[in-house]
Amino acid sequence: MHRITTIAALLGAALTCTGPMMAQQAPAEDRASYTISMNQDTFFGFYPIVTGSYKVNDKVDWTTYGIFWTTPSFGTGGGSGLWTEFGTGVNFNTLDGKLSINPQLGFLNGKLLSNGNFPMAFEGFVPNLTANVDTDRFEGQLYAGFYTALRKGRVPNTTGGGLGPAPVQNNFVHWWLNGGVKLAPVISAGLHYEALDFRASGTGSSGIPRSGVYKWLGPYVQANLSSKFSVRYTFGANVIDRPSSDGNDSFYKLTATYTFP
């Protein structure tokens, strides 16, 4: 329970810090923007992402996001208890808006990190950072997230019946780097590298080695159909070392993004 109390205090502190800045002026539609991103790839499946930002001044935005993870293996059978992520942070705009750096703190709900038989609220947290470069000719993005278990899931006791804490919790490091060239006003292309690593923790994790889940490398092409809508297709090879019997040697990812107003 003390961890949940700590989380509540962190959220309260974030709201307290952003409150005075937002109170300087009543919210206006032209100070806020929202984005819906529909994503699908070979590992995470289908996952819509919603993001929002509120312009505090020319250099700083308050940001928030939510990810609706829909892969059943991340939750429980039948689609219940699906992994759910939300977070908040601050975006810093530099170089006349050509570079933005957005540190955020996210929270996970479900059972993927806590590793129990039942979904849990605030099972983990994810400090993450996104940096974007956007010029007249070039574009690029760096993302890094550290998915860390906060709570131990509940599993049946091997002796005596009832429920006890899961001996092992799951942690992940997820990051990618991509960059490309704007070939025309409506099309761009570039190269994408993405990696996911697994790290166990807990009382029963001493014999579990760190391991790579995947390492993706390949090109992307993006259609910028308007200033508010784009579609990006990424594909390539899974370049991680793996047994010859493992046929997961390729990947693909599709992202459609709409920004409004």
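Structure: above.
Now for a quick tour of the structure.

Conventions we followed
- Residues numbered from 1 in each chain as written.
- Predicted model: local features only at pLDDT ≥ 70, side-chain atom pairs only at ≥ 80, totals over all residues.
- Heavy atoms only, no water.
- Pairing = 2+ DSSP bridges.
- Helix = DSSP H or I, 4+ residues; strand = E, 2+ residues; numbered from the N terminus.
- Axes fitted to C-alpha atoms, helices over the stretch in contact; angles between N-to-C directions.
- Contact = heavy atoms within 4.5 Å.
- Salt bridge = Lys/Arg side-chain N within 4 Å of Asp/Glu carboxyl O.
- Buried < 20%, exposed > 50% of the residue type's maximum accessible area, 1.4 Å probe, protein only.
- Phe/Tyr/Trp six-rings, centres within 6.5 Å; stacked < 30°, edge-to-face > 60°.
- Lys NZ or Arg CZ within 6 Å of the ring centre and 35° of its normal.
- Core = buried A, V, L, I, M, F, W, Y, C linked by side-chain atoms within 4.5 Å.

**Some words on the sheet that holds strand β3 (residues 60-68)**
Taken in spatial order, the 12 strands of this closed barrel run β1-β2-β3-β4-β5-β6-β7-β10-β11-β12-β13-β14, and their pairing is antiparallel. Adjacent strand axes in the sheet meet at a mean angle of 20° when their direction is disregarded. Relative to strand β7 (residues 138-149), strand β6 (residues 120-134) runs antiparallel, the two being bridged by nine bridges. By the bridge assignment, Gly124 is partnered in β7 with Ala149.

**Describing the side chain of Thr63**
Assignment of secondary structure puts Thr63 in strand β3. Residues contacting Thr63, with those up to four places away along its chain left out, are Gly52, Ser53, Thr88, Gly89, Val90, Asn91, Asn102 and Gln104.

**Points about the pattern of salt bridges**
Scanning the model with the defined rule gives four salt bridges in all. Measuring nitrogen to oxygen at the nearest pair gives 2.5 Å for the salt bridge that ties Lys182 to Asp134. Taken together, the residues span a long stretch of sequence, with Lys182 in strand β10 (residues 169-184) and Asp134 in strand β6 at a distance of 48 residues. Given a relative accessible area of 44%, Asp134 falls into the partly exposed group.

**Concerning the environment of Arg199**
Among the secondary structure elements, Arg199 is positioned in strand β11 (residues 187-201). Arg199 gets classed as partly exposed once you look at its relative accessible area, which sits at 34%. Arg199 sits 52 residues away from Tyr147 along the chain, and the two C-alpha atoms are 9.6 Å apart. Contacts of Arg199, omitting those with residues within four sequence positions, involve Gln169, Asn170, Asn171, Val173 and Arg210.

**A closer look at unusual backbone geometry**
Despite not being glycine, Leu95 has its phi angle at roughly 55°, a positive value. A positive phi angle is found at Phe122, which is not glycine, with a value near 50°.

**Considerations on the packing of aromatic side chains**
Under the defined criterion, the tally for this structure stands at 22 aromatic pairs. On the numbers, 4.9 Å between centres and 85° between planes, the contact of Phe43 with Phe44 is edge-to-face. Taking the relative accessible area as the measure of exposure, Phe44 reaches 6% and is therefore buried. Connected via pairs of aromatic rings, a cluster forms that spans Phe43, Phe44, Tyr47, Trp69, Phe74, Trp83, Tyr147, Tyr214, Trp216 and Phe251. The residue whose ring lies beneath Arg232 is Tyr220, and the NZ or CZ to ring-centre distance is 3.8 Å. Over the face of the ring belonging to Trp176 we find Lys253, whose NZ or CZ atom lies 4.9 Å from the ring centre.

**Topic: the pairing of strand β4 (residues 84-94)**
Side chains of β4 alternate between two faces, with Glu85, Gly87, Gly89, Asn91 and Asn93 buried and Thr84, Phe86, Thr88, Val90, Phe92 and Thr94 left unburied. Summarising the sheet, β3 and β4 pair through nine bridges and their orientation is antiparallel. From the neighbouring strand, Trp62 faces β4, where its bridge partner is Val90. Bridge count between β4 and strand β5 (residues 99-110): nine bridges; the pairing is antiparallel. Bridge pairing links Asn93 to Ser100 in β5. Joining the antiparallel neighbours β4 and β5 is a turn of four residues, in which Leu95 adopts a positive phi near 55°.

**A look at the pairing of strand β14 (residues 250-260)**
Sheet topology places strand β1 (residues 32-41) next to β14; eight bridges connect them, and they run antiparallel. By the bridge assignment for β14, Ile36 is matched with Tyr258. Pairing of strand β13 (residues 229-238) with β14 involves nine bridges; the strand directions are antiparallel. Among the inter-strand pairings, Phe229 is bridged to a residue of β14, identified as Tyr258.

**A word on the nonpolar core**
If you look at the biggest cluster of nonpolar residues, it comprises 22 residues, and the most contacted ones within it are Phe44, Trp69, Trp83, Leu113, Tyr147 and Phe172. Contributions of two or more residues to this core are made by β2 (45-55), β3, β7, β10, β11 and β12 (211-224). With three residues, the top contributor of residues to this core is β7. Excluding anything up to four places from it in sequence, Trp83 contacts Ile67, Phe68, Trp69, Phe74, Leu108, Asn109, Gly110, Leu112, Leu113, Glu123 and Tyr147.

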